[in-house]
Amino acid sequence: MKLYYLGPKGTFSYLAAKQYQSESEFDYISKSNLYEVVTAVSEDDQSIAVVPIENSIEGTINIVADALTQQNIYAQGEIHLDIQFALYGPENATVNDISKVYSISPAISQTSKYIQQHNFTYDYVDSTIQSLEKITNQVGAIAPLGSGETYGFQPIEQNIQDFPHNVTRFLVVSNQPQHLDNASDTMLLITPQFDKPGLLASILNTFVLFNINLSWIESRPLKTQLGMYHFFVQADTGLTEELSKVIKILNTLDFQVTVIGSFNKLNHD
């Protein structure tokens, strides 16, 4: 079976995929951006993909959230990965030799204090590993700690992220819905049929009625008119009788409810 991820080797998506299944068990296929990843898995019945959905510092990864609403993909697992960055540069370089750095936008944001401290200028690339290609005498790369060595680089400085407790939540997705028995989590997409006061409150109160905790709540534009939103919620329960009752009540309140997946968290420390 194929496993799509945001590549190349060494990215956080690659490291998360390795936590899920080794390269000996899946045919790893890298893509150059997240749009290509979700498109590939949505069109391939014999595949899964590992994609970031939320970072503890930056919040929701919107392109993946939107793909869950627009593409034919479903969640079937969750992986948590500690995010550690390093500054890579030319051989024997010190931080004082570097004047500019490259990385992806979230990595630049998550190391912004370090970048400002050293007065680096910066620019963007499509993946953290692609930033290694930009390394020259005065140019460094901000990439996952441990990734640059694969390409012949040594870190100039390690653990340069702004916050020590930086975690990214990844989803394992496929184009086939999968609902595990005795799952720990269920992700729902809740879409209002029309706008009215108290939309979000009515959703949350319905879960409260059955004492169901929500570990994730996110809104995304409905893209039909300004001010209309989908709501993602992740419930700390499988598809139990209580959750089924919640869904029925929301249906009677004029919400369309889609089950994105019922699954277990994997490798969650």
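Definitions and limits used
- Residues numbered from 1 in each chain as written.
- Predicted model: local features only at pLDDT ≥ 70, side-chain atom pairs only at ≥ 80, totals over all residues.
- Heavy atoms only, no water.
- UniProt positions renumbered as here; feature names shortened; annotations may be inferred.
- Phe/Tyr/Trp six-rings, centres within 6.5 Å; stacked < 30°, edge-to-face > 60°.
- Lys NZ or Arg CZ within 6 Å of the ring centre and 35° of its normal.
- Axes fitted to C-alpha atoms, helices over the stretch in contact; angles between N-to-C directions.
- Helix = DSSP H or I, 4+ residues; strand = E, 2+ residues; numbered from the N terminus.
- Parallel < 35°, antiparallel > 145°, perpendicular 65-115°, else oblique.
- Left-handed = near helix turned anticlockwise from the far one by under 90°.
- Contact = heavy atoms within 4.5 Å.
- Domains from an automatic or database assignment.
- Buried area = accessible area lost by both parts, 1.4 Å probe.
- Salt bridge = Lys/Arg side-chain N within 4 Å of Asp/Glu carboxyl O.
- Pairing = 2+ DSSP bridges.
- 1 Å grid on protein atoms, 1.4 Å probe; cavity = no way out; pocket = protein on both sides within 12 Å on 5 of 7 lines; lining within 4 Å.
- Points joined across faces, edges and corners; volume = space filled by probe spheres on them.
- Nonpolar A, V, L, I, M, F, W, Y, C, P; charged D, E, K, R; others polar.
- Buried < 20%, exposed > 50% of the residue type's maximum accessible area, 1.4 Å probe, protein only.

- The name given to the chain in an unreviewed UniProt entry is Prephenate dehydratase, with the source organism recorded as Staphylococcus cohnii.
- Under the heading Pathway (unreviewed entry), UniProt records this for the chain: "Amino-acid biosynthesis; L-phenylalanine biosynthesis; phenylpyruvate from prephenate: step 1/1."
- The Catalytic activity (unreviewed entry) comment attached to the chain in UniProt states, word for word, "prephenate + H(+) = 3-phenylpyruvate + CO2 + H2O".

### Regarding the packing of aromatic side chains
Here is step 1: The final tally for this structure, using the stated rule, is 8 aromatic pairs.
Here is step 2: Joined through ring pairs, the aromatic side chains of Y5, Y14 and Y28 make up one cluster.
Here is step 3: Sitting above the plane of the W216 ring, R169 keeps its charged end 4.8 Å from the centroid.

### Quick look at the packing of helix α6 (residues 199-209) against helix α7 (residues 241-252)
Here is step 1: Across the interface, α6 lies against α7 with an axial gap of 9 Å and an inter-helix angle of 150°. In terms of their interaxial angle, α6 and α7 are classed as roughly antiparallel. For the element pair α6 and α7, the recorded crossing hand is right-handed. Contact residues: S202, I203, T206 and F207 in α6; L243, V246, I249 and L250 in α7.

### Here we look at the domain arrangement of the chain
Here is step 1: Taken domain by domain, the chain comprises domain 1 (1-81 + 165-172), domain 2 (83-156) and domain 3 (183-261).
Here is step 2: Centre-to-centre, using C-alpha coordinates, domain 1 lies 24 Å away from domain 3.
Here is step 3: Listed as interface residues are 14 residues of domain 1 and, on the opposing side, 12 residues of domain 3.
Here is step 4: At the boundary of domain 1 with domain 3, total buried surface from both sides reaches about 1100 Å², with 57% on carbon and sulfur atoms.
Here is step 5: D66 is the salt-bridge partner of R220, the closest N and O atoms lying 2.8 Å from each other.

### Overview of the sheet that holds strand β12 (residues 185-192)
Here is step 1: Strands sit in the order β13-β14-β12-β15 across an open sheet of 4 strands; the sheet is antiparallel. Lying at the two open borders of the sheet, with one neighbouring strand each, are β13 (214-221) and β15 (255-263). Taking each pair of neighbouring strands and ignoring which way they run, the sheet shows an average axis angle of 15°.
Here is step 2: Bridging between β12 and β15 involves 8 bridges; their strand directions are antiparallel. Note that in β15 the partner of T191 across the bridge is Q256.

### With respect to the layout of surface pockets
Here is step 1: Space inside the largest pocket adds up to approximately 430 Å³.
Here is step 2: Residue lining of the largest pocket: 25 residues in total, with L6, L34, P52, I104 and P106 positioned closest to the centre.
Here is step 3: Breaking the lining of the largest pocket down by element, the ones donating at least two residues are α1 (12-20), α2 (34-42), β3 (47-55), α4 (105-110) and β11 (167-174).
Here is step 4: By residue number, the principal contributor to the lining of the largest pocket is α4, which donates 4 residues.
Here is step 5: Split by residue class, the lining of the largest pocket holds 14 nonpolar, 10 polar and 1 charged.
Here is step 6: Residue-level mapping places the lining of the largest pocket at the junction of two domains, with at least three residues from each of domain 1 (1-81 + 165-172) and domain 2 (83-156).

### Here's the deal with the environment of V246
Here is step 1: Mapped onto the elements, V246 comes out in helix α7.
Here is step 2: When its relative accessible area of 0% is taken as the criterion, V246 is described as buried.
Here is step 3: Sequence spacing of V246 and F210 is 36 residues, and the spatial spacing of their C-alpha atoms is 7.6 Å.
Here is step 4: Sequence-distant contacts of V246, defined by excluding residues within four places in its chain, comprise T206, F207, F210 and I212.

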